[in-house]
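Commentary on secondary and tertiary structure
The residues making up each chain are set out below.
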Amino acid sequence: MYSLIRKFLFSLDAEQAHEFSIKALKYLGYTPLSLGQINNPIEVMGLKFQNPIGLAAGADKNGEAIDGFAKLGFGFIEVGTVTPVAQDGNPRPRQFRILDAEGIINRNGFNNLGVDVLIENIKNSKYNGVLGINIGKNATTPIENSFDDYQICLRKVYQYASYVTVNISSPNTKNLRSLQYGEALDDLLSSLKAEQTQLSQKFGYYRPLVLKIAPDLNAEEIASVADSLIRHKIDGVIAGNTTLSRDTVTGLTHSEQQGGLSGKPLNQLSTSLIRQLSQELKEQIPIIGSGGIHSVASGQEKINAGASLLQVYSAMVYQGPKLIRDLVKQVKIL
Ligand SMILES: Cc1cc2nc3c(=O)[nH]c(=O)nc-3n(C[C@H](O)[C@H](O)[C@H](O)COP(=O)(O)O)c2cc1C
């Protein structure tokens, strides 16, 4: 069935196909149809997940199709990245399929309708499972003021999120990845942790903070990030985002496009990030594995490397929702 849908989707430009899929999933959300929920419950960060397979950020940036995605069988959904103010992102075309390798390169640049629209969409959804909200900074905000954007978003989304992801690893917002290092990271985490403490007192409930990092960090940088995460008592880490490396797609059509590479050609790099991070964190902070999961074996590898939960995006574009059901049924949590 999906091979037919895919034939149609792949006849469109990658972003047009995405927009069509969001509309279809939005519609699915309104209908009683469902591919069925599979129960494989797990508790991580104090949250109860129906199963450990989640939708990665970027697929539903504005939370327009949450109910539809839920019907594909995901155990949790992460919406965003959202910024304080709506922005267009980079000029199109900005998403490219690397067909031969089952990869995607995107340089979207946080195109989104702004945090307020996201919140309205969440309020209108019926979904009551675990919902992560991924926050970022506007392109026009100077990097030295980026903390303000994260604070604004955290305050606004706090009461609507099961957890909040701080995205400092998109390669498509200028200087964003500089926040992953040394003092800049320490300052950001300490300001967000203070805000989280205040918000948890104000609302009377605690919402975990998760940091999303890049797979392009070297061993020393991974150790340093892990040290910061532990010192600031951050609740979880997503490892990781898309890569700037082209080692696994050299010579293939579109591989020269600028942006972050995801999908199958990212798999090994991402697993190696999880493995190194896990050695540094020593089970003190849970890892959400993301990057190139395209089969039960590749998902299992990430769990074996130290991930507690998994997130998928690109392989769903290539394989359709059956992959999600296979992962939910067959990946064994350790
Ligand atoms: C088109 C596209 C847009 C993305 N947008 C975001 C985003 O807004 N925020 C984010 O944290 N990650 C974003 N990502 C990264 C994914 O969440 C995920 O971490 C990455 O693609 C690796 O997983 P995958 O190989 O299963 O796709 C995006 C990925 C793609 C392909």
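Data block above holds the structure.
Notes on the structure follow. (Residues numbered from 1 in each chain as written. Predicted model: local features only at pLDDT ≥ 70, side-chain atom pairs only at ≥ 80, totals over all residues. Heavy atoms only, no water.)

So, about the overall build of the protein chain. Looking only at helices and strands, one finds 11 helices and 13 strands in the protein chain. Counting only C-alpha atoms, the protein chain reaches 50 × 45 × 40 Å along its principal axes. Across the 334 residues of the protein chain, 58% fall into the buried class. Summed over all atoms, the accessible surface of the protein chain reaches about 14,100 Å², with 52% contributed by carbon and sulfur. Of the side chains in the protein chain, 33 bear a positive and 31 a negative charge, and the two mean positions are spaced by 7 Å. (Helix = DSSP H or I, 4+ residues; strand = E, 2+ residues; numbered from the N terminus. Buried < 20%, exposed > 50% of the residue type's maximum accessible area, 1.4 Å probe, protein only. Areas by Shrake-Rupley, 256 points an atom, 1.4 Å probe, with all protein chains shown as cover. Lys, Arg positive; Asp, Glu negative; His and termini not counted. Charge placed at Lys NZ, Arg CZ, Asp CG, Glu CD.)

Next up on the list: the sheet that holds strand 5 (residues 95-98). The strand order across the open sheet built from three strands is 5-6-11, with neighbouring strands paired in antiparallel fashion. Edge positions in the open sheet fall to strand 5 and strand 11 (260-263), since each of these has one partner strand only. Along the sheet, successive strands turn relative to each other by an average axial angle of 25 degrees, direction set aside. (Pairing = 2+ DSSP bridges. Axes fitted to C-alpha atoms, helices over the stretch in contact; angles between N-to-C directions.)

A few words now on the nonpolar core. Counting residues in each nonpolar core, the largest one holds 71 residues, and the members touching the most others are Phe 69, Ile 77, Ile 133 and Ile 135. Per-element tally for this core: the top contributor is helix 6 (residues 182-203), with five residues. Among the nonpolar cores identified, the runner-up in size contains 12 residues, and Ile 42, Val 44, Val 130 and Val 210 belong to it. (Core = buried A, V, L, I, M, F, W, Y, C linked by side-chain atoms within 4.5 Å.)

With that settled, consider the site of the ligand. Taken together, 22 residues form the shell around the ligand, and within it Ala 57, Thr 81, Gly 263, Gly 292 and Ser 314 come nearest. The contact in question runs from an oxygen atom of the ligand to an N or O atom on the side chain of Asn 134, over 3.0 Å. Within the backbone of Tyr 313, one N or O atom sits 3.0 Å away from an oxygen atom of the ligand. Against a free-state accessible area of 600 Å², the protein chains account for coverage of 98% of the ligand. Among the residues forming the shell around the ligand, the class breakdown is five nonpolar, 15 polar and two charged. (Near = heavy atom within 4 Å. Polar contact = N/O pair within 3.5 Å; in protein donor to acceptor, adjacent residues only side chain to side chain. Nonpolar A, V, L, I, M, F, W, Y, C, P; charged D, E, K, R; others polar.)

Looking now at the sheet that holds strand 9 (residues 209-213). To summarise the sheet geometry, strands pair through backbone hydrogen bonds and adopt either a parallel or an antiparallel arrangement. Read around the closed barrel, the eight strands follow the order 3-4-7-8-9-10-12-13; overall the barrel is parallel. Geometrically, the sheet is characterised by an average inter-axis angle of 25 degrees between neighbouring strands, direction not taken into account. Note that strand 9 and strand 10 (residues 236-239) share four bridges and pair parallel. Within strand 10, the residue paired with Lys 212 across the bridge is Ile 238. The sheet contacts of helix 8 (residues 267-281) involve strand 9, strand 10 and strand 12 (287-290), and relative to strand 12 the element is tilted by about 170 degrees. (Contact = heavy atoms within 4.5 Å.)

With that out of the way, let us pick up the pattern of salt bridges. The final tally for this structure, using the stated rule, is 12 salt bridges. Where Arg 155 meets Glu 195, a salt bridge forms, and the shortest distance between an N and an O atom there is 3.1 Å. Of this pair, Arg 155 sits in helix 5 (residues 146-157) while Glu 195 is found in helix 6, placing the two residues 40 residues apart along the sequence. For the salt bridge of Arg 231 with Asp 227, the shortest nitrogen-to-oxygen distance reads 3.1 Å. With a gap of four residues between them, Arg 231 and Asp 227 both fall in helix 7 (residues 219-231), about one helical turn apart. Here Asp 227 falls in the partly exposed class, since its relative accessible area comes to 39%. Taken together, the shared-partner salt bridges in this structure form one network comprising Glu 15, Glu 19, Arg 92 and Arg 94. (Salt bridge = Lys/Arg side-chain N within 4 Å of Asp/Glu carboxyl O.)

For the coordinates displayed, the defined rule picks out eight aromatic pairs. Seen from their ring centres, Tyr 158 and Tyr 205 are 6.0 Å apart, and the 5 degrees between their planes marks the pair as stacked. Of the two residues, Tyr 158 sits in the loop between helix 5 and strand 8 (163-167) while Tyr 205 sits in the loop between helix 6 and strand 9, which places them 47 residues apart along the sequence. Look at Tyr 158 and you get buried, because its relative accessible area is 0%. The ring of Phe 10 carries the charged tip of Arg 97 above its face, separated from the ring centre by 4.3 Å. (Phe/Tyr/Trp six-rings, centres within 6.5 Å; stacked < 30°, edge-to-face > 60°. Lys NZ or Arg CZ within 6 Å of the ring centre and 35° of its normal.)

With that settled, consider the pairing of strand 9. Within strand 9, five of the five residues are buried, which leaves it mostly tucked inside the rest of the structure. Residues of strand 9 alternate between two faces, with Leu 209, Leu 211 and Ile 213 on one and Val 210 and Lys 212 on the opposite face, all of them buried. As defined by bridge partners, strand 8 adjoins strand 9 across four bridges and the pair is classed as parallel. Looking at strand 9, one finds that Val 166 is bridged to Leu 211.

Time to look at helix 7. Relative to the 18 Å expected for 13 residues at 1.5 Å per residue, helix 7 spans 18 Å between its end C-alpha atoms, a close match to the ideal helical length. Burial in helix 7 covers these residues: Ile 222, Val 225, Ala 226, Ser 228 and Leu 229. In a view along the axis of helix 7, the buried residues occupy a sector of 160 degrees, so they form one face of it. Buried-residue contacts for helix 7 involve helix 6, strand 9, strand 10 and helix 8. If you check the start of helix 7, you find a side-chain oxygen 3.1 Å away from the backbone N of Glu 220, and it comes from Asn 218. Positive backbone phi, approximately 55 degrees, marks Lys 233, located one or two places after helix 7. (Expected span 1.5 Å × (residues − 1). Arc of directions from axis to C-beta.)

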